[in-house]
Amino acid sequence: MTARRLGRTHVRVSPLGFGGAPLGNLYTPIDDDQARAAVDAAWDAGVRYYDTAPHYGLGLSERRLGMALAHRPRAEFTVSTKVGRLLEPHPAPTGSDLAAGGFAVPDTLVRRPDYSRDGVLRSLEGSLARLGLDRVDIVYVHDPDAHLDAALHQALPALTDLRDQGVIGAVGVGMNTVAPLLRFVTEADVDAVMVAGRWTLIDRTARPLLDACAERGVSVVAAAPFNSGLLSRPCPPDDASFDYGPAPEALLRRARRLAGVCADHGTVLPHAAVRFPLRDPVVAAVVAGFRSPQEVTSAAHWSAHDLPEATWSALDSAG
C-alpha cells in the first residue's frame, strides 16, 4: 500500500488502517492468538497503520497490539493512540466492563476523564508502557464531547508541545460528531482529525469538515466505514446495526438499495464502503476494526481496488 502523508507532518499512514477496538474485546471476546493472527494478516496485506486507545478493553488493545508488533521493524509502521481517559483502579468492580464500556474484559480498572496537561502526559506514559514502545507517531484527543474547552486549551497545547519537541509525530482529535471537530480544525493546531462514521457511503455529514480540512492542510482519517455493521455485508440483514444500535428502517432500505447497485455492477457493498472515504484527497486513511485474518484480507483487497466511475455514479443516484 502506498503510504500517504498526514497533514504537513512527516508521518505517513497506509490507506487502510487497522482499528484496534476489537483487540480489546469489543462486545465479544477474542483470545490472544486470534488477536495476533489479525495483526499478522494486516501486516502481510501491507497495512502499516495501527490505531488503538486506552479505552479499548481498558488497555488490553494496546497490550495486544504492542505484542503483535514487537518483532516488526519500528521504522516500518505507524501507531496512533489516544488521550483523555486515564485508567485507574476500580474502587468497586462488578466483574465485567460490558455494561459500562462495551468491552468483554474484567473491570478491574475504570476510565476517568482527564484532558489536562498532566492527564495527557500520564495517559501517554501509560500507553507507551502497555504498547512496549518508546514512541507513538500520532496522538488523538479522544471523544472530548463534554470537555471541549479543556481539550482545546489544555490537552491540545500539551500535545503540540510534544510534537514540536519531536516526542510524537502528529496531533489530532478523534470524535463521532462533526461540529466539535470543525471547531478544533479552525481554532487549534492539529495535523489530523479522526471522524468515525460520519464520512461513509451512507452518512456523508462530514462534508463541511472535509472542506475545512482541505483549506487548512489538515488530514482526515475516516474511521468506522461500515457504520458499525450496516455496510459490512453484501446484503444488510433485518437485524443490522448502525452506530452500535439497531439500524433505522429508512437507513436499512437505503443500504439495501446500495447493495443492489453493487451487485448489479459486479461488486459487494463492503467493497464500496471501504473505498468510498478514500476517494476524497483530504482523506489519508480509512480505519476499520478487525477481529479475524479473513476480515483484514478482504478489506485490504477492497481498499487497493477502486470501482469504476459508472459504479460510483449509480451509487450516488441510489443513495
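Residues numbered from 1 in each chain as written. Predicted model: local features only at pLDDT ≥ 70, side-chain atom pairs only at ≥ 80, totals over all residues. Heavy atoms only, no water.

Caption draft 1: Broad picture of the overall build of the protein chain. Looking only at helices and strands, one finds 11 helices and 14 strands in the protein chain. The C-alpha atoms of the protein chain give 19 Å as radius of gyration, which agrees with the globular expectation for 319 residues (20 Å, within 12%). With the C-alpha coordinates of the protein chain rotated into their principal frame, the extents come out at 55 × 45 × 40 Å. Residues classed as buried in the protein chain amount to 57% of the 319 residues present. Taken as a whole, the protein chain presents about 12900 Å² of accessible surface, with 53% of it coming from carbon and sulfur. The averaged location of the 37 negative side-chain charges in the protein chain is 2 Å from the averaged location of its 32 positive side-chain charges. (Helix = DSSP H or I, 4+ residues; strand = E, 2+ residues; numbered from the N terminus. Rg over C-alpha atoms; globule rule 2.2 N^0.38 Å. Buried < 20%, exposed > 50% of the residue type's maximum accessible area, 1.4 Å probe, protein only. Areas by Shrake-Rupley, 256 points an atom, 1.4 Å probe, with all protein chains shown as cover. Lys, Arg positive; Asp, Glu negative; His and termini not counted. Charge placed at Lys NZ, Arg CZ, Asp CG, Glu CD.)

Caption draft 2: Geometry of the pattern of salt bridges. Per the stated rule, a full pass over the model turns up 27 salt bridges. Residues Arg36 and Asp40 are paired through a salt bridge, measuring 3.4 Å at the closest nitrogen-oxygen approach. Of this pair, Arg36 and Asp40 both sit in helix α1 (residues 32–44), 4 residues apart, which is roughly one turn of that helix. Here Arg112 and Glu88 are joined by a salt bridge, their closest N and O atoms 2.8 Å apart. Of this pair, Arg112 sits in strand β7 (residues 109–113) while Glu88 sits in strand β6 (residues 85–89), and the two are 24 residues apart along the sequence. Note on Arg112: relative accessible area 31%, which makes it partly exposed. The structure contains a network of salt bridges with shared partners spanning Glu88, Arg112, Asp114 and Arg122. (Salt bridge = Lys/Arg side-chain N within 4 Å of Asp/Glu carboxyl O.)

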